[in-house]
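# Fold and contact review
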Amino acid sequence: MKKKLFFLIIYFLFLGPLSSSDNKTELSEIYKNLRCLVCQGQSIADSNSDFAATVKLVVQDQFNEGKTKDEIYKFLISKYGEWIVYQPTFSKSNLLLWTLPYFIFIMGGVFIFLIIRKSKNNKAN
Amino acid sequence: MLSNIGIALVYLVLIFSFLIIYISSVDLKTSSQFIEKNIYKLSLFQITFTVLSFFTLIIGFVNSDFSLINVYENSHTAKPLFYKIAGTWGNHEGSLLLWVNILVIFSYLFLIFNHTHNKKFRLYTLIFQNILILGFLFFLLLNSNPFNSIYPIPLEGLGLNPILQDPALAIHPPLLYVGFVGCSIYFSAAMASLLSGYAGKLFAQSIKTWVKISWCFQTLGIIVGSIWAYYELGWGGFWFWDPVENASLLPWFAITALMHSLIVLEKRNTLYSWVIILCLSTFILSVTGTFLVRSGILNSVHTFASDPTRGIYILSFLSLMIFSALIIFFIKNKKETYNFNLKSRETFILANNWFMVFFLVTVLIGMLYPIFLDVLTNVKISVGPPFFNIVIIPLVVPFMFLMAIGPKFGWVKSQNKIFYKILFLILGAIIINLLIFYFFGKYSFLSNLIFIAAIFLILYSLLDLKKIFNNKKKFELPRIISHLSFGLLVFFIGINHQFSLEEDFNLKVGEIKKTNNYEINFKDMKVKENKNYKAIIGNFKLTDLKNDLAQYLNPEIRIYSNPETLTYEAAIRTKITSDLYLTMSNVSRSDYYNIKFQKKPFMIWIWISALMIALGGFMQLILKKNED
Amino acid sequence: MKINISKIIIFSFTIFLLSVFWLGLKINHNYDTKSLVGSKISKFYVTEINNENQYISEEDLKKNKYTLINFFASWCSPCRAEHRYLMSLSNQNKEIKIIGINFKDKKINANNFLKDLGNPYNFVGEDTDGKISISFGIYGIPESILVNNELTVIKKIIGPIDQVQFNDILKSIQ
C-alpha cells in the first residue's frame, strides 16, 4: 500500500510540470513578463497602449512559429534592452541579484545553528 | 487666512517640540522619581496644536479654499465631499502633515500609558521622538509646506487624480501611515533603552502594545491597497510586486519578525540586541521606503509627483537616523549569551525571524539592485514579479511547516510527542492535494509542495482551534487565527493562480465571442453623464455554456474632466466560488474594443483570509487584558 | 566604542548604500533605448506603400553611406512638426538616404500627408500592423534611426526631430 502510494506521488509530481503548460497560459505568461515601455510600470498583458498591442502581435507570431519563451525574450532584449523583461537574465552582471538572497539565508542558518550548538555546550558545562 | 493660521500652528508645534526636548533633558538630571508635570502639559499643548493644524488643512479642502497651493493642486469644487476630505492626505504635503500628527499622537500616548516604567527611559523616548518630529517639521516647513499660499487666488482647482477617487484608496493611506509612522515610537524607545539601560523583559512589555498596533494597521493598510488595485487598476491582479508595494512590505517583514521575537524577550529575557536591531530597522525601513517612493528614484505604477529636492532631504534625514542608530547601538550594546535548545519555542521563533529576514532581504535586493546597476554600470534592468516568485515561493514551503509546528513546542525545552501527529497530517495534506490535482487540473511540482504545506498548516491550525474550545486557553486564539488564515491565504492564492481563466480579444458592438466555456455578447453601449465624469458603459451578455446561465456585465470607460483622464472600471461579479471580471478599453483609431475576461476562483476568500490575518492581530490587542 | 572589523564593514557598507542612493537621485530614470546605439540592425523586409512588389531590405542600406529610417503616421501630430526637418535634410544632403516607414496608417491618409507636406523619402515602406516597428526597436511614433553602410546604429532619435537633433544628424554624417 505504502509503496503504491509512493509511486503514485512520484508519478504525479513529475507529470505535473509536463502537462501544466497549455498554449494560451504560456502566451499570457510571456506577456506578463514583458514591460510596457511607454507605461508607468505596467506589463504588456495589463496595458491598453498601442505599443503593447503591437508587441502582443509579434510575440504571437513568433510563438506560432515555434520559438521558445527564451528565444522570444532574447529577440526583444536585442531590440529594446534588458529593461523590457521583468525577469532579469541569469547573466554575470545579475549574479549578485540572484544569489545574494540565498547567500544571506544560508548565513542566517549558520548563525542560528552556531547559537544553538553553543548553547548546548553551555549546558554540558 | 487659513495659510497663516496653519503655518502659525505648525510653528507652535515646532516650538513645543524644542521645549519638550529641553525640559526633558533638564528633568533627566533631577533625582525625582516622577516626570515633571510641565512635560505632560507641554505634550498636551503640542498634540492639540498638531491636530488643529491638520483640521485647518481639512477645512481648506472642504471649503475649496484655493488660496492654498495644495488645495488648488489637488482639489476641485465639483468633487464629492468625501473625496475633498480624503484629498487632504492624498498628496505629498498633506500626507506629511498627517505623518507629523501620528508622530505626535504616538509620542503623547506612549508618555501617558507607560507610567509604570522607568523615568529615564520614558524621558529619553520622548526626546528621541521629538527629534524625529522636528526632522519631519523642518522637512514640511522648508520643502513641502501644505499651507503655502498662492496669489492671485485661482477660481478653480486642478482636481484629484480620478484613479484615487475611491473609498478604498481614501482610507488606505491613513491606515498605512499609522502602521509606518507608528513604528517611530519603538525606534525612539529602542534608542532610549540603549541609553538608559532599561532593557530586557520590562522594555519588551513597554513596547509590546505599540508593536501590535502598528502591525495591525500596516497589515490592514496593505490589504486595503491590494483590494483597491484589484478592482480599480482593472488588470485582475492584486499583487504586482511593484516598487511601491514592495516598499510597504519591507517594514512589514521587519515588524512581523519583531512581533515574534518580542515574545521571546518578554518570556525568556533573551534576544535583547536582536529586538533592538529590529525596532531600529523597522522605522528605518519605513523611511527608506518613503524615500524610494517619493524621490522618484523608482519607476512605479503608483504615480507620486516626485521631486529630487524632496529626495535629498529625506535621504539626509535617513542617513542621520541610520548613523546615530548605528553609533549608539555599537557603543551601548553588550554582548549577550544565548541559551537555546533545538526543540524549544524560542528556536522556532528564531527560525521565523530567519525566514522573515530572508523575505525582507530578497524584496530589498530586488528593489535596489536595478538602482545600483544603473548608478554603477549604467545598465538598466527591470526586476519584477517573476524574480520575486522564483526566489521567494520555494521557501514559503518550509516556512509554513515551521509556522504550523513551532507554537506546539514549549519554552526552554520540550518533549516531542507530536511526531506521529505531524506525519499523519502531512499524509492527509498530500492526499487532499492529490485529490485536487486529480480532479481539477495539473500543476507543477513546486505548486504541489505549496499546496501540501498550506493544507498541512490549515489542518494543524484547525486541530489547535478544536483544542482551544475544549480547554479554553483563549489567549492562544489570535495566534491560531492568524496562522490558520495565512495557510488559507496561500492555499486560495494557489488555487486562484492555477485555475484562473483568462481571455483577451477585440470586439465591436454587436459581435459575439465564443470561448471554451463562455459566450460573450457585446450587446450595446451607452453614454452617461455624471457629476465629475462621463461614462461609456458597455453591456455584455455572458452565457455560461455548461448550464446555459446568462448574466449581464457592465464595464465602464470613464472620462474625468478635472483633470482630464481616462479610467477603466472593471465589471466584477463576485460569488462564493469565483469572481467574473470583465474590462473593456478602446483600441486607438478603430471602433473595436479590447476585452479582457477573467474567471478567478475563490477571489473573495483571498480577501477574507487576508483580513482574518489582521483580525488575529486586533484580537490580540483586545484579548490581552483577559490574559493578564 | 571598540573598533573592530565587523563594525568597519557595516559602516562602510552603509556609506556605500547611501551614496548610491545619492547618486541615484541625480540620474535620469526615464528609460529609453538609446543604450542600443552602436548595435547593428537585423535583417528586415519592407514593401513599398503603393506597390507590393517593390521592397527594401538591409542589403539595400549597405549601398548608402548613411540611411535615416523614420517611422511616421498621418495621425501623429509631432510627425507633422518634424516633417520640415526631414524635407530640408533630403534637399540639403545627398549623402543621406531617408526611408520612411508608415506606421499603422491608412494608405489614403498617408499619401495625402506626403502630398500636403512634401515627400522627403527615397522609399516609403508600409507597416500596417506595426510588426516591423518592433524589429527596429521602435516604441513610439515618431522615432528615427540613423545607420551607416555597415548597418551600425549611429543615432536614435526618440520623438520628433527638432533643430538641435537636426544639427546633430548633420554633424554625425560629416
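For every chain, the first residue of the written sequence is number 1, and numbering continues from 1 along that sequence. Going through the entries in the order they are written, you letter the chains from A and number the ligands from 1. Thresholds applied to this predicted model are a pLDDT of at least 70 for local features of residues and 80 or more for the giving and counting of side-chain atom pairs; totals over whole chains, interfaces and linings are not thresholded and use all residues.

## A word on the overall build of chain B
Comment: elements are numbered from the N terminus, with helices defined as DSSP H or I runs of at least four residues and strands as E runs of at least two. Along chain B, the regular secondary structure elements total 17 helices and 10 strands. Taking 25 Å as the expected radius of gyration for a compact globule of 628 residues, we find that chain B reaches 27 Å, a close match to that expectation. Here the C-alpha coordinates of chain B stretch approximately 85 × 80 × 55 Å along the principal axes. A burial count over chain B gives 48% of its 628 residues as buried. Intrachain contacts of chain B at a sequence separation of at least 6 include 74% that bridge at least 24 residues. Using C-alpha atoms as the atom set, the radius of gyration is obtained and then compared with a globule rule of 2.2 Å times the number of residues to the power 0.38. With C-beta atoms placed from the backbone, the exposure class of a residue follows from how many other C-beta atoms lie within 10 Å of its own: 20 or more, buried; 12 or fewer, exposed; in between, partly exposed. Whether two residues are in contact depends on their C-beta atoms, placed from the backbone: they are in contact if these lie within 7 Å.

## Section: the overall build of chain A
Assigned secondary structure in chain A consists of 5 helices and 0 strands. Counted from the first residue to the last, chain A has its helices and strands arranged as α-α-α-α-α. Going through the 125 residues of chain A one by one, you find that 29% of them count as buried. By sequence separation, contacts in chain A at least 24 residues apart represent 33% of the contacts at least 6 residues apart.

## With respect to the interface of chain C and chain B
In this assembly, 16 residues from chain C lie in contact with 19 residues from chain B. Among the residues making up the side of chain C that touches chain B, the classes are represented as 12 nonpolar, 3 polar and 1 charged. In this count, Pro and Cys sit with the nonpolar residues alongside Ala, Val, Leu, Ile, Met, Phe, Trp and Tyr, while Asp, Glu, Lys and Arg are called charged and the others, Gly among them, polar.

## Description of the environment of isoleucine 134 of chain C
Its location among the elements puts isoleucine 134 of chain C in helix 5 (residues 131-135). On the neighbour-count criterion, isoleucine 134 of chain C (22 C-beta atoms within 10 Å) is buried.

## Quick notes on unusual backbone geometry
Residue proline 152 of chain B follows tyrosine 151 of chain B across a cis peptide bond; omega there is 0 degrees. With respect to the secondary-structure elements, proline 152 of chain B resides in the loop between helix 6 (119-142) and helix 7 (167-196). That bond from isoleucine 141 of chain C to proline 142 of chain C is cis: its omega, -5 degrees, falls within 30 degrees of zero. Inspection of the secondary structure puts proline 142 of chain C in the loop between helix 5 and strand 6 (143-148). Its identity as a non-glycine residue notwithstanding, asparagine 378 of chain B has a phi of 70 degrees, on the positive side. Summarising the element assignment, asparagine 378 of chain B is placed in the loop between helix 12 (345-377) and helix 13 (385-405). Among the residues examined, asparagine 378 of chain B registers 9 C-beta atoms within 10 Å and is labelled exposed. At phenylalanine 602 of chain B, a position not held by glycine, the phi torsion is positive, near 60 degrees.

## Points about the sheet that holds strand 9 (residues 578-586) of chain B
Pairing between sheet strands relies on hydrogen bonds along the backbone, with the strands arranged either parallel or antiparallel. Residues and elements named next belong to chain B. Two strands form a pair only when DSSP identifies at least two bridges running between them. Read across the sheet, 4 strands follow the order 1-10-9-8 without closing on themselves; strand pairing throughout is antiparallel. Because the sheet does not close on itself, it has two edges, and the strands there are strand 1 (501-507) and strand 8 (571-574). Here the average twist between neighbouring strands, direction ignored, is 10 degrees. Sheet topology note: the strand 9/strand 10 (residues 593-601) ladder contains 9 bridges and is antiparallel. For tyrosine 581, the partnering residue across the bridge sits in strand 10 and is glutamine 598. Here an axis means a line fitted to C-alpha atoms, over the contact stretch when the element is a helix, while the angle between two N-to-C directions is reported on a 0 to 180 degree scale.

## Here's the deal with the interface of chain A and chain B
By a widely used convention, the size of an interface equals the accessible area lost when the partners come together. Counting residues at the interface gives 38 residues for chain A and 44 residues for chain B. Elements with a minimum of two residues in the side of chain A that touches chain B: helix 1 (2-19) and helix 5 (95-124) of chain A. Among the elements that make up the side of chain A that touches chain B, the one with the highest residue count is helix 5 of chain A (13 residues). For the side of chain A that touches chain B, the residue count by class is 17 nonpolar, 16 polar and 5 charged.

## Observations regarding the sheet that holds strand 3 (residues 66-72) of chain C
All names here are of chain C. The 5 strands are arranged 5-4-3-6-7 in an open sheet whose pairing can be described as mixed. Edge positions in the sheet fall to strand 5 (123-127) and strand 7 (153-158), since each has one partner strand and no second. Ignoring which end each strand starts from, the neighbouring axes of this sheet average 20 degrees apart. Note that strand 3 and strand 4 (residues 96-103) share 7 bridges and pair parallel. Within strand 4, the position partnered with isoleucine 69 by the bridge is isoleucine 99. Against the sheet, helix 3 (residues 77-92) engages strand 3 and strand 4, with an angle of about 155 degrees to strand 4.

## Re the confidence of the model for chain A
Parts of the prediction with low pLDDT should not have their coordinates interpreted in detail. All names here are of chain A. Confidence of the predictor at the level of single residues is given by pLDDT, which spans 0 to 100. Taken residue by residue, chain A gives an average pLDDT of 81. The fraction at 70 or more is 76%. Looking across chain A, the model is least confident in helix 1, with a mean pLDDT of 48, and most confident in helix 4 (residues 69-80), with 93. A low-confidence stretch, residues 10-21 stays under pLDDT 50, and its non-local contacts, those more than four residues away or across chains, total 17 contacts.

## Observations concerning the packing of helix 13 of chain B against helix 15 (residues 445-471) of chain B
Residues and elements named next belong to chain B. Close contact between helix 13 and helix 15 brings their axes to 9 Å; oriented N to C, the two are set at 20 degrees. When the interaxial angle is binned, helix 13 and helix 15 end up roughly parallel. Seen from above, helix 13 lies across helix 15 with left-handed handedness. Residues Ile393, Pro394, Val396, Val397, Met400, Phe401, Met403 and Ala404 of helix 13 form the contact with helix 15, whose participating residues are Leu446, Leu449, Ile450, Ala453, Ala454, Phe456, Leu457, Tyr460 and Ser461. The scheme is simple: roughly parallel for angles under 35 degrees, roughly antiparallel for over 145, roughly perpendicular for 65 to 115, oblique for anything else. Left-handed is the label given to a crossing in which the near helix is rotated counterclockwise from the far helix by less than a right angle, and right-handed is the label when the rotation is clockwise.

## A look at the packing of helix 12 of chain B against helix 1 (residues 5-26) of chain C
Running from N to C, helix 12 of chain B and helix 1 of chain C point in directions that differ by 75 degrees, and their axes come no closer than 9 Å. Classed by the angle they form, the pair helix 12 of chain B and helix 1 of chain C counts as roughly perpendicular. Side by side, helix 12 of chain B and helix 1 of chain C meet where Ile371, Phe372 and Val375 of chain B of the first sit next to Val20, Leu23 and Gly24 of chain C of the second. Of the residues in the contact of helix 12 of chain B with helix 1 of chain C, the class split is 5 nonpolar, 1 polar and no charged.

## Comments concerning the confidence of the model for chain B
Across chain B, pLDDT averages 89, with 97% of residues at or above 70. Among the scores for the predicted complex, ipTM is 0.89 and pTM is 0.92.

## What about the pairing of strand 10 of chain B?
Residues and elements named next belong to chain B. Within strand 10, 7 of the 9 residues are buried, leaving the element largely enclosed by the surrounding structure. Direction of pairing for strand 1 relative to strand 10: antiparallel, over a ladder of 7 bridges. Counterpart to glutamate 502 in the pairing with strand 10 is glutamine 598.

## Digging into the domain arrangement of chain B
Residues and elements named next belong to chain B. Domain start and stop positions are those given by an automatic or database domain assignment. When its domains are assigned, chain B resolves into domain 1 (1-165), domain 2 (175-390), domain 3 (391-500 + 606-627) and domain 4 (504-604). The distance between the C-alpha centroids of domain 1 and domain 4 comes to 44 Å. Counting from both sides, the interface comprises 8 residues of domain 1 and, opposite them, 9 residues of domain 4. Grouping the amino acids of the side of domain 1 that touches domain 4 by side-chain chemistry returns 4 nonpolar, 3 polar and 1 charged.

## Focus on helix 10 (residues 272-294) of chain B
For a helix, the expected span equals 1.5 Å multiplied by the residue count minus one. Relative to the 33 Å expected for 23 residues at 1.5 Å per residue, helix 10 of chain B spans 33 Å between its end C-alpha atoms, a close match to the ideal helical length. With respect to burial, helix 10 of chain B is a largely interior element, 20 of its 23 residues being buried.

## A few points about the environment of methionine 525 of chain B
Residues and elements named next belong to chain B. As for its position among the elements, methionine 525 is in strand 3 (residues 518-529). What makes methionine 525 partly exposed here is the crowd of 16 C-beta atoms within 10 Å. Along the backbone, methionine 525 and asparagine 539 are 14 residues apart, and their C-alpha atoms lie at a distance of 5.8 Å. Those residues in contact with methionine 525 that sit more than four places away from it in its chain are Val509, Ile536, Ile537, Gly538 and Asn539.

## Considerations on the environment of isoleucine 480 of chain B
Residues and elements named next belong to chain B. With respect to the secondary-structure elements, isoleucine 480 resides in helix 16 (residues 477-499). Looking at isoleucine 480, the number of C-beta atoms within 10 Å reads 20, which means it is buried. Taking the C-alpha atoms as reference, isoleucine 480 lies 9.5 Å from isoleucine 468; in sequence the two are 12 residues apart. The residues touching isoleucine 480, leaving out its near neighbours within four places in the chain, are Ser461, Asp464, Leu465 and Ile468.

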